[in-house]
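Coordinate analysis (summary)
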Amino acid sequence: MIETIPASRCPRCEMIVAPPAPYCPHHPVAMIPTTLPGAGVIVSFTTLHSPPEGFKSPLHIALIELERGARFVCHGAQTETRGLKLGATVAIEALDNVYYFSHLGALDRARLFWHRAGHAGDRVNAIARSLAKRAWKGMTRGGS
Amino acid sequence: MRDVWIAGAGMTRIGKRSERLQALMTEASLAALAVAGIEKPDAVVIATMNPEEFVGDGNFASNVATYMGFAEVPALRIETATSSGAAALYAGFAEVAAGLHRTVLVVGGEKMTHLSTPRVSEIIGRSIDAYERSYGATMPALAGLITRALMARHGVGLREISQVAVKNHAHAARNPYAHFREPVTIEAVMESRVVADPLRLLHCCPISDGAAAVVLTSERAAVRIAGIGQGTDTLAVRHRHELTSFRATQAAARAAFQMAGLGPERVDFAELHDAFAPFELIALEDIGLVPPGKSGGATLDGETAIDGRLPINPSGGLKARGHPLAATGIAQVVECVWQLLGRAEDRQVSGRVALAHSIGGLATNNWVTLLEAQ
Ligand SMILES: [Zn+2]
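Bear in mind the structure is a predicted one, so any value in this text is a computation, not a measurement.

Rules used in this analysis
Residues numbered from 1 in each chain as written. Chains lettered and ligands numbered in written order. Predicted model: local features only at pLDDT ≥ 70, side-chain atom pairs only at ≥ 80, totals over all residues. Heavy atoms only, no water. Contact = heavy atoms within 4.5 Å. Buried area = accessible area lost by both parts, 1.4 Å probe. Salt bridge = Lys/Arg side-chain N within 4 Å of Asp/Glu carboxyl O. Polar contact = N/O pair within 3.5 Å; in protein donor to acceptor, adjacent residues only side chain to side chain. Core = buried A, V, L, I, M, F, W, Y, C linked by side-chain atoms within 4.5 Å. Buried < 20%, exposed > 50% of the residue type's maximum accessible area, 1.4 Å probe, protein only. Helix = DSSP H or I, 4+ residues; strand = E, 2+ residues; numbered from the N terminus. Pairing = 2+ DSSP bridges. Donors = N, O, S within 2.8 Å, 3.2 Å for Na, K, Ca; no water. Axes fitted to C-alpha atoms, helices over the stretch in contact; angles between N-to-C directions. Parallel < 35°, antiparallel > 145°, perpendicular 65-115°, else oblique. Phe/Tyr/Trp six-rings, centres within 6.5 Å; stacked < 30°, edge-to-face > 60°. Lys NZ or Arg CZ within 6 Å of the ring centre and 35° of its normal.

**Here we look at the interface of chain B and chain A**
The interface of chain B with chain A comprises 25 residues on the first partner and 32 residues on the second. Both sides of the chain B and chain A interface together cover about 2,200 Å² of buried area, and 63% of this is carbon and sulfur. Of all residues in chain B, the largest losses of buried area upon contact with chain A belong to Tyr135(B), Leu145(B) and Arg238(B), amounting jointly to 31% of the total for that side. Our count for the chain B to chain A interface comes out at zero salt bridges. The tally of links from chain B across to chain A stands at 11 residue pairs in polar contact (both at pLDDT 80 or more).

As structure tokens, this is what we get:
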């Protein structure tokens, strides 16, 4: 199934931030908890060859635009940024509470379509998820 | 509001320095006070970004004021991350403009080169949003994200970005105060090692020690602070909708131009915050010094070189003069004052209106200052 990312929404300006924040960055107003599906579009990404202490090199960091304009920072899997283009649609999944993005295959696109159409394609999702896990197997990330 | 004038300016040579931070800040202060012909100012404003972490001292306004013989002079410390020097200038400006003090010494400094690069990066990186830091985001990492987006959106290529570094190194080669005195070729920049793809080592400013100071006064002098503006933005880069322009710079420039009652077309030369070479291109457009989308071309065409239409960073900028954090915002103003007074020797440009632009954090707290020769 599609990852659910915890977020929060400002009742004043409707801005959504992920992960959730107590107050809107633009208004002194308490935000309301919400969630977003773990899929979006690559806004930008970078690769660090001398990452900070606790992270393995090379370290991929991406800025992803989720639904409703919320932007999210996560890692890319080791082999995933080669040929990656800005604007590409990617899936985000959590592994041990750390978020990673990956390219969307045909199955993923189908599953996204079903999600948006309001039908959960559970069986397909289960297959996609196991494929994703296999791709990520062996990938490690130090630090918090 | 009273007019505020700069009666004296001074700075240390920037680079790896063995002296204590207090000694560097005193050297810059005494140089500025000597030019102003003032032994003791009415007040002191001090800028340091992380003295607790870098040199292990706190209560730093009193620490520095006492060290240089101003134990009885009212002193305060201002901090807005990497733009702390510009923020301190604003505080000193406000004190004089409000009539609270007649002469104010503003001095900024930082001492970092005695620590390892990873340690310095980690300390500077604390100015970044904690969640983004937990994913390994450092200043170069976030600058890398911005650079990739910039290269996609404006058609700015590696060559345009690299030329900023080539130009600023060439300027610094003429500046005896600069950290780097050696010119670099565009090939060397483009082939230097990747730090945060697509940013390479020679696109990034060095870790530097140094200090800079100005003496502000309500009495007429040769250079006036015509305008000074602050602009802010969200701490987290993911909370912004724009990556390839900085709201904080745009707001600061608007405020500074409004106070000065003039527009960007009146600026003759500028010192811009090029901690990463592409940031100079972004600043040129955010401030309105070149039209949107034209900064890369203007740089390649030599318009922003020391002998061009609009010299940018005649000092060498953060890129090559060096970036001793809280000293930088004041060092930029010192360079502008020297240029306006015709005292910039081998790197002299001509002009009556100068602009200094300083970025705090990842463009969360930025400043634009306009200086006018009378
Ligand atoms: Zn809001």
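After that view, the rundown keeps rolling.
**Quick notes on the nonpolar core**
Among the nonpolar cores identified, the biggest contains 68 residues, and Ile64(A), Phe72(A), Ile92(A), Tyr99(A), Phe101(A) and Phe279(B) are the most heavily contacted of them. In this view, Tyr99(A) contacts Glu3(A), Thr4(A), Ile5(A), Pro6(A), Phe72(A), Cys74(A), His75(A), Ile92(A), Glu93(A), Ala94(A), Tyr131(B) and Tyr135(B); residues no more than four positions away in its chain are not counted. Ile14(B), Ala86(B), Ile306(B) and Val337(B) belong to the second-largest nonpolar core, a separate cluster that totals 41 residues.

**Structural notes on the pattern of salt bridges**
Residues and elements named next belong to chain B. Evaluated as defined, the whole model comprises 23 salt bridges over all chains. Linking Arg20 and Asp57 is a salt bridge whose minimum nitrogen-to-oxygen distance equals 3.8 Å. Of this pair, Arg20 sits in the loop between strand E1 (5-11) and helix H1 (21-36) while Asp57 sits in the loop between helix H2 (51-54) and helix H3 (60-67), and the two are 37 residues apart along the sequence. For Glu219, the salt bridge is made with Arg102, and the minimal N-O distance between the two is 3.7 Å. In this pair, Glu219 sits in the loop between strand E7 (210-217) and strand E8 (223-232) while Arg102 sits in the loop between helix H4 (84-97) and strand E4 (103-110), placing the two residues 117 residues apart along the sequence. Look at the salt bridges and you will find they share partners, linking Asp3, Arg224, Arg266, Arg352 and Glu372 into a network.

**Points about the pairing of strand E2 (residues 43-47) of chain B**
Residues and elements named next belong to chain B. Judged by how many residues are buried, E2 sits mostly within the fold: five of five residues are covered. Here E2 shows a buried face lined by Ala43, Val45 and Ala47 and a second buried face lined by Val44 and Ile46. In the sheet, E2 pairs with E4 via five bridges, with the strands oriented parallel. Looking at E4, one finds that Ala43 is bridged to Val104.

**Points about the side chain of Glu335(B)**
Residue and element names in this part refer to chain B. Tracing the backbone through its elements, the reader meets Glu335 in helix H14 (residues 328-340). At a separation of 2.8 Å, a polar atom in the side chain of Glu335 contacts the side chain of Arg347. Setting aside chain neighbours within four positions, we find Glu335 in contact with Asn175, Glu271, Pro314, Ser315 and Arg347.

**Things to note about the sheet that holds strand E3 (residues 32-37) of chain A**
Residue and element names in this part refer to chain A. The strand order E2-E1-E3 describes an open sheet built from three strands, whose pairing is antiparallel. The open sheet has two edge strands, strand E2 (16-17) and E3, and neither has a second partner. Here strand E1 (residues 4-9) pairs with E2 via two bridges, running antiparallel. Across the sheet, residue Ser8 finds its bridge partner in E2, namely Val17.

**Comments concerning the coordination of the zinc ion**
Perfect tetrahedral coordination of a metal by four donors corresponds to 109.5 degrees between them, and perfect octahedral coordination by six donors corresponds to 90 or 180 degrees. Residue and element names in this part refer to chain A. Ligation of the zinc ion by protein atoms is provided by Cys10 (SG), Cys13 (SG), Cys24 (SG) and His27 (ND1), these donors lying 2.1 to 2.3 Å from the ion. Sequence spacing among the residues donating to the zinc ion works out to C-x2-C-x10-C-x2-H. Since its relative accessible area comes to 32%, Cys13 is described here as partly exposed.

**Brief notes about the packing of helix H8 (residues 158-172) of chain B against helix H11 (residues 277-287) of chain B**
Axis angle and axis distance: for two packed helices, these are the angle between their axes and the distance between the axes, and together they describe the pair. Residues and elements named next belong to chain B. Where H8 contacts H11, the two axes come as close as 7 Å, and the packing angle between them is 100 degrees. Taken together, the axes of H8 and H11 are roughly perpendicular relative to one another. Across the interface between the two elements, Glu160, Ile161, Val164, Ala165, Lys167 and Asn168 from H8 touch Ala277, Pro278, Glu280 and Leu281 from H11.

**Points about the environment of Gly317(B)**
All names here are of chain B. With respect to the element layout, Gly317 can be found in helix H13 (residues 317-320). Each C-alpha atom, one on Gly317 and one on Ser84, is 16 Å from the other, the two residues being 233 residues apart in sequence. Sequence-distant contacts of Gly317, defined by excluding residues within four places in its chain, comprise Glu271, Asp274 and Gly322.

**Side note on the packing of aromatic side chains**
Using the criterion set out here, one finds seven aromatic pairs over all chains in the structure. Judged by centre distance (4.9 Å) and plane angle (45 degrees), the rings of Tyr177(B) and Trp338(B) are tilted. Of the two residues, Tyr177(B) is situated in the loop between H8 and helix H9 (186-191) and Trp338(B) in helix H14; the sequence distance between them amounts to 161 residues. A relative accessible area of 26% means that Tyr177(B) is categorised as partly exposed. Measuring from ring centre to ring centre gives 5.2 Å for Phe246(B) and Phe279(B), while their planes differ by 80 degrees; the resulting arrangement is edge-to-face. In this pair, Phe246(B) is assigned in the loop between E8 and helix H10 (247-260) and Phe279(B) in helix H11, connecting sequence segments 33 residues apart. The same class applies to Phe246(B) and to Phe279(B), which are both buried. Taken together, Phe72(A), Tyr99(A), Tyr131(B) and Tyr135(B) form an aromatic cluster joined through their ring pairs. Here the guanidinium or amino end of Arg148(B) rests over the ring plane of Phe45(A), the centre of that ring lying 3.8 Å away.

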